[in-house]
Each structure stands twice: as C-alpha cells, then as structure tokens.
Amino acid sequence: MTTVISPYGGRLVDLLVPEEERDDLRAYASTLPSVQLSERSACDLELLAVGAMSPLAGFMGRADYECVLHDMRLADGTLFPIPVTLPVEPTEGVEVGCDLVLRDPQNHPLAIMTVEEMYPSDLEEEARLVYGTQDGGHPTVAEMQRWPRMNIAGPLRVLAIREHYDFPELRLTPAQTRARLGAMGYEQVVAFQTRNPMHRVHEELTKRATEEVGGALLLHPVVGLTKPGDVDHYTRVRTYRTLAQRYYDPGRILLSLLPLAMRMAGPREAVWHAILRRNYGANHLIVGRDHAGPGVDAHGKPFYGPYDAQELVEAHSEELGVKVVPFRMLVYLPQERRYEEVTRVPSGVETADISGTQVREEYLARGKQLPDWFTRAEVAEILAQAYPPRHRQGFCIWFTGLSGSGKSTTAEALTVKLLEHGRQVTLLDGDVVRTHLSKGLGFSKEDRDTNILRIGFVAAEIVRHGGVVICAAVSPYRATRDEVRAMVGADRFIEVFVDTPIEVCEARDIKGLYAKARRGEITGFTGIDDPYEAPLRPEVTLDTVFYTPEANARMIIESVMGRGFLVGEQ
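Caption draft 1: The arrangement of the overall build of the protein in detail. Within the protein, the secondary structure is distributed over 20 helices and 19 strands. In summary, the protein has a C-alpha radius of gyration of 26 Å against a globular reference of 25 Å for 570 residues, a match within 12%. In terms of overall dimensions, the protein has a C-alpha envelope of 80 × 70 × 40 Å along the principal axes. Among the 570 residues that make up the protein, the fraction classed as buried is 54%. Partitioning the intrachain contacts of the protein with sequence separation of at least 6 by distance along the chain shows that 74% fall at a separation of at least 24. Taken as a whole, the protein presents about 25,100 Å² of accessible surface, with 50% of it coming from carbon and sulfur.

Below, the structure is given as structure tokens:
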C-alpha cells in the first residue's frame, strides 16, 4: 500500500451525515420548504458531498464568489478558478436563517441547507471573467441566460448521494479511488480527463505518460454535463471499459467515473480539473490542446488559444501540487506500424492521421469502418452501433421570423418533402404548442422564453432518438435560440430565418393582431412594441415575398442534403 498525494487543502471534505442521524433528518426534511436543483447543481452537490471539490465545503458565499471571479482564489487565498454557486428563484420560505431541503431533478431529498447568505450574482461579469466571453455561442454562457440571479449559501448536511443505476461499480468516490490507487503501489498517478471516445492515439499517449512518470493511470471520464452534442457517456464508458480490460496492464490502470458538470471554461477549467484530480489521488494531469474548450465563437474564432490551458495549469503547477503532462501530437507511421510524436518524424516520412471532424463526417456519418490503426475494432463497433450513418441521424429545422412571415406555411410544405424522402417528421408549430405543451403561458419575456425552451427540450429529445423535428415559432430572442441550439447540438440544428418585411406580415394578418398592437389593445407584440432579434448567421434565409412555400421548402431540402441528412432525390 502506497500513499498517494494528499488532498487539495490537506483533507477530504465529507458532508454526509452519520448513518444513525439520517432517519431523523429525513423526517425533519419532510417538514421543510424545498428547492429543486438543476442537473448542474445536483452534480455540484454530489462532488461537494464526497470531497471532490475540497477544500470547498459548500456552495460559495458572496466573498468566495467575488474573489474567484476576479482573482481565481477563495476568500482565504486558496487557488480555486471556477465559481460553484447555488442559484435559486426567490420563493416563499427561502430566506436567511431558514433550513431548506435540496432535492434532485427527480425530487428526491439530498441535503439540508441552513441558509446563511442570499446574494445576487452578476452573470454578465461572470461570463466575461470566467469564460472570457459573452458570446451566446458558448454553450454555458447561453445556458446562463436562464439561471436565477440569486445565490444562496450555508452549511450542508447531506442525507444521500444521488443514486445512479449506470455503471455503479465504476462510480468511485475520492476516498475509494485513493484507496485503490494506493493499493497499486505507485506514488505517481497520471489522470486523463476525457469527454470523448478514446482512439489509439489516446491509448498510446496515456501509456507513454504512465511509463514516463513510473506510475499508474487514472482514467477519469466525465459522466455529468459535457458539451451539448458530445457522444453520450453510456457509449463512451463502454469504450473505456473495453480498452481498460483488454489493452492496459490491469495493475496500472483504474477506470473511475466523474459526475462533473463541466463549464467548458477552457484554461480556468483546466486548473479546476487539476484540483479535482488531486482530490482523487493524481499528481499529474494530461492537459490537451484547447482543454475544455467549446469550439469557436460566432465569428468562427476559437474561444481559447490551443495552449492557453496548458500554460495556465503550468503556471500554477507548484501550488496545485499537480504536474502538467502536455497532450503531445502523435501521428501514425504506416511503414513502421507505430505512433510517433510529430516533432520527431523525419521530413519525407509517410504519416497518417484522422481528425475528429473526419471521424464524424467521413467515417461515422457515412457508415464507414474506422481503420484499425486509428481505433480498436471493439471501439469502432461500439461507436458504429451508437452512431448510425448521418442520413439516419436526427436533426432539427428551426424556423424563426415575425408573426405572419410564412413560417408555418413553409414548414408544412417542408414536412411533406421530408416525408417523401423517407424521414419520420414531427412538426412543432408555435400556435399548436401553445394550446397543449405551453397552455397557460402568457407573452411576457419570461413566458416566451419558457415556451421556446419547452419546444427546444422536446426537439432535442426527438433528435437524440434519431427523428426529424421542424419547429416553427417566432422565437424573437437570440440568446434563447442559442440555448436551444446548444440543447439540440449545433451540428444537428438548422436555423431558418424567414426574412419577411413587417409591412408584408401586417398585410397578411387575417387575425388583425398587428392592427390591435398598433392601437395599443395588445402590448408586448413582437415587431411593434417588443423587439425581434434577427439571427446573425442562420443556416438558411428565406424570402417569402418572391418565392413560394414549395420553392423555399426545396431550398431547405438542398441545405439538408448538403449536410448529409438526406441521400438522393426521391
């Protein structure tokens, strides 16, 4: 038995109440007002409870929050780069001095909080300082638009850890992980952070890193919230488990799952990952290029530089107690049948490589087998099962535009065209949705956003299960549409801007709504006294003045075919 590195701050926080006290506290919890946690907050609570975020012992109060935003440190000076807060809607019974029960998204009681602080959050400042952007193309920045702007904090008494029915044998707490790593007999432990499937290059990299430090590997994939559109964790964990069992030395690898809600905050998140992995017993972290980056912004520019994360972790490595293992670029040498660092390959030597985009678009999307030099056959089979060819995958066509612009008429024509191509289609029309899914909602900004997010949730589920969904709703606010895009997955979301002048929309208005809005009989009407924020870069823009619904539907079909979601003209 070897002692692995001590936890960050010296000890693991443990917020679980003793077993003998839980029944009485559960009975007490049933008498308390409650707050239902978002999936993100439930993940945070789980990691707080078991000490994964040590020395943090609860959701941050105002002093810690403000220091983390501005200085990447807790109020006591401890390096900590990411705000971990509990945002709540102000409701009756939520006040300083009260006890609250915190419930998971399925309404199970998880913890009792004694509220000591209630303070406002500055989400715009948080986006700017933590994420380095206020661009709605950043998935977490888009999500933040919906976060409540009041945070609460106070001591936590955790009644239970969330129950997970998937891979229970791999869901190890920091204490359990540290014990298993210690039993392997290695003081040096390399952690590999991943939210993507592992291919041969990752296998080679992790094995080399383990050999270089003379230690063990903690294969530690994230199974909480990652980037929308990522490969689901069920598929990913199946690949990790297969690789760990068949292609690694069992005495030098530990596969453990991390229920982390990622922020996709790039450099700051990489520092956070180092803290988390130290608490799990690792003193080395493989930091990839653009680590925890969400891709590119609205102008096509990456949110973070390729080496920003490595440099920030390296700058704080001594304080963190975690050394950086840079993700070195490896290429395959076909003639020698091995991988080598790209900087060590002599000029003129034949190399082979496949990018992540190529994996998705040239192989998985076309049902083409990945070569065995690139990925293990077992991994390729699992990915092929989970990801059918692109023309069998789901996608969302989102119509947006003023009332009377022609969204519904074009959507109906498009539905028929897609059915002709053999795709199963669900049409979610804004007016129809409001009579069923959103019955009772008004037309305030909050209610409009709620309506659009409900449509987006249903659309994302349809797409996730391989269906085609057409949504036709005014959806006037750009930030809300960005959030729906993130929910569905940017690569499966086609925004169609029906760009019809308002005077044409008014002339078509058989319900007389524009006239009523002009007379002041209706308030908050989009285009009259409430803004419509036109898309900045829609995938398709339609003219319904000079083109018929059928012609516009054909234009969309061409765009869909160009993206590989349809094959051949029927």
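Caption draft 2: Up close: helix α13 (residues 377-386). Listed as buried for α13 are Val-379, Ala-380, Ile-382 and Leu-383. When α13 is viewed along its axis, its buried side chains cluster within an angular range of 165° and face the same direction. On the buried face of α13, the contacting elements are α8 (233-247).

Caption draft 3: Region of the structure containing the pairing of strand β8 (residues 189-194). Counting buried residues along β8, 6 of its 6 residues qualify, which places the element largely inside the surrounding structure. On β8, burial covers both faces: Val-189, Ala-191 and Gln-193 on one face and Val-190, Phe-192 and Thr-194 on the other are all buried. In terms of strand pairing, β8 meets strand β9 (residues 216-221) through 6 bridges, oriented parallel. Each residue of the ladder has a partner; that of Phe-192, found in β9, is Leu-219. Bridge count between β8 and strand β11 (residues 284-287): 3 bridges; the pairing is parallel. Within β11, the residue paired with Phe-192 across the bridge is Ile-286.

Caption draft 4: Examining the environment of Pro-81 more closely. Here Pro-81 lies in the loop between α3 (62-71) and β2 (86-88). Separated by 377 residues in sequence, Pro-81 and Val-458 have C-alpha atoms that sit 34 Å apart. Not counting residues up to four positions away in its chain, the partners in contact with Pro-81 are Val-68, Met-72, Arg-268, Val-271, Trp-272 and Ile-275.

Caption draft 5: Highlighting the sheet that holds strand β12 (residues 323-326). The 5 strands lie next to each other as β10-β9-β8-β11-β12, forming an open sheet whose pairing is parallel. For this open sheet the edge positions go to β10 (253-255) and β12, each flanked by a neighbour on one side alone. For this sheet, the mean inter-axis angle between neighbouring strands, taken without regard to orientation, is 25°. Helix-sheet contacts for helix α7 (residues 200-213) involve β8, β9, β11 and β12, and the interaxial angle to β8 is about 160°. Its contacts with the sheet place helix α10 (residues 308-315) against β11 and β12, and it is angled at close to 155° to β12.

Caption draft 6: Main features of the sheet that holds strand β18 (residues 493-498). Reading across the sheet, the 5 strands line up as β16-β17-β15-β18-β19 and stay open at both edges, with parallel pairing between neighbours. Edge positions in the open sheet fall to β16 (425-429) and β19 (540-542), since each of these has one partner strand only. Neighbour to neighbour, the strand axes of the sheet diverge by 15° on average, direction disregarded. Here strand β15 (residues 395-400) runs beside β18; their pairing, made up of 5 bridges, is parallel. Note that in β18 the partner of Cys-396 across the bridge is Phe-493. Packed on one face of the sheet, helix α20 (residues 549-562) meets β15, β18 and β19 and runs near 175° to β19.

Caption draft 7: How the structure looks around the nonpolar core. Ranked by internal contacts, the top residues of the largest apolar core, which has 77 residues, are Met-53, Phe-59, Phe-80, Val-84 and Leu-320. Not counting the four nearest positions on each side in its chain, Val-84 is found in contact with Asp-44, Leu-48, Met-53, Leu-56, Phe-59, Met-60, Arg-263 and Trp-272. Ranked by size, the runner-up nonpolar core spans 36 residues in total, among them Phe-167, Ala-352, Leu-370 and Trp-373.

Caption draft 8: Summary view of the packing of aromatic side chains. With the rule as written, the count across this model stands at 9 aromatic pairs. When the ring of Tyr-332 is compared with that of Trp-373, the centres are 5.1 Å apart and the planes differ by 15°; the resulting orientation is stacked. With Tyr-332 in strand β13 (residues 330-333) and Trp-373 in the loop between α12 (356-363) and α13, this residue pair connects regions lying 41 residues apart in the sequence. The pair Tyr-332 / Trp-373 is uniform in exposure class, with both members buried. Aromatic side chains Trp-373 and Phe-374 sit 5.9 Å apart centroid to centroid with 85° between the ring planes, which places their arrangement in the edge-to-face category. In this structure, Trp-373 and Phe-374 share a single accessibility class: buried. Its end group placed over the ring of Tyr-248, Lys-207 keeps NZ or CZ at 5.0 Å from the ring centre. When the ring centre of Tyr-477 is taken as origin, the NZ or CZ atom of Lys-445, which lies over that ring, is 4.5 Å away.

Caption draft 9: Structural context of the side chain of Arg-162. With respect to the helices, strands and loops of the structure, Arg-162 is situated in the loop between β7 (156-158) and α6 (174-184). Looking at Arg-162, its side chain comes within polar contact range of the side chain of Glu-39, at 3.0 Å. Among residues more than four places away in sequence, those in contact with Arg-162 are Glu-39, Ala-42, Cys-43, Glu-46, Asp-104, Pro-105, Gln-106 and Leu-110.

Caption draft 10: Examining a nonpolar patch on the surface more closely. A surface patch of nonpolar side chains, amounting to about 360 Å² of accessible area, comprises Val-545, Phe-546 and Tyr-547. Relative to the helices and strands, Val-545 resides in the loop between β19 and α20.

Caption draft 11: Inspection of the side chain of Glu-126 at higher detail. Assignment of secondary structure puts Glu-126 in helix α4 (residues 123-131). One buried charged side chain, Glu-126, makes no salt bridge at all; its nearest oppositely charged neighbour is Arg-263, positioned 6.7 Å away. Here Glu-126 is in contact with Tyr-65, Leu-69, Pro-83, Tyr-131, Met-144 and Trp-147, once residues within four sequence places are set aside.

Caption draft 12: Inspection of the pattern of salt bridges at higher detail. Under the criterion given, the structure shown has 34 salt bridges. Between Arg-146 and Asp-449 there is a salt bridge; the shortest N-O distance is 2.9 Å. Taken as a pair, Arg-146 in the loop between α5 (139-144) and β6 (150-153) and Asp-449 in helix α16 (residues 445-464) lie far apart in primary sequence, 303 residues in all. Judged by relative accessible area, Arg-146 falls into the partly exposed class, the value being 25%. Between Asp-431 and Lys-511 there is a salt bridge, and its shortest N-O distance comes to 3.8 Å. Of the two residues, Asp-431 sits in helix α15 (residues 430-435) while Lys-511 sits in the loop between α18 (502-508) and α19 (513-518), which places them 80 residues apart along the sequence. The same class applies to Asp-431 and to Lys-511, which are both exposed. Shared partners join several salt bridges into a network, and the residues in it are Glu-204, Arg-208, Glu-336, Arg-338 and Glu-340.

So, how was this worked out
Residues numbered from 1 in each chain as written. Predicted model: local features only at pLDDT ≥ 70, side-chain atom pairs only at ≥ 80, totals over all residues. Heavy atoms only, no water. Helix = DSSP H or I, 4+ residues; strand = E, 2+ residues; numbered from the N terminus. Rg over C-alpha atoms; globule rule 2.2 N^0.38 Å. Buried < 20%, exposed > 50% of the residue type's maximum accessible area, 1.4 Å probe, protein only. Contact = heavy atoms within 4.5 Å. Areas by Shrake-Rupley, 256 points an atom, 1.4 Å probe, with all protein chains shown as cover. Arc of directions from axis to C-beta. Pairing = 2+ DSSP bridges. Axes fitted to C-alpha atoms, helices over the stretch in contact; angles between N-to-C directions. Core = buried A, V, L, I, M, F, W, Y, C linked by side-chain atoms within 4.5 Å. Phe/Tyr/Trp six-rings, centres within 6.5 Å; stacked < 30°, edge-to-face > 60°. Lys NZ or Arg CZ within 6 Å of the ring centre and 35° of its normal. Polar contact = N/O pair within 3.5 Å; in protein donor to acceptor, adjacent residues only side chain to side chain. Patch = residues over 30% accessible without salt bridge, like charges linked within 9 Å, V, L, I, M, F, W, Y side chains within 5 Å. Salt bridge = Lys/Arg side-chain N within 4 Å of Asp/Glu carboxyl O. Lys, Arg positive; Asp, Glu negative; His and termini not counted.

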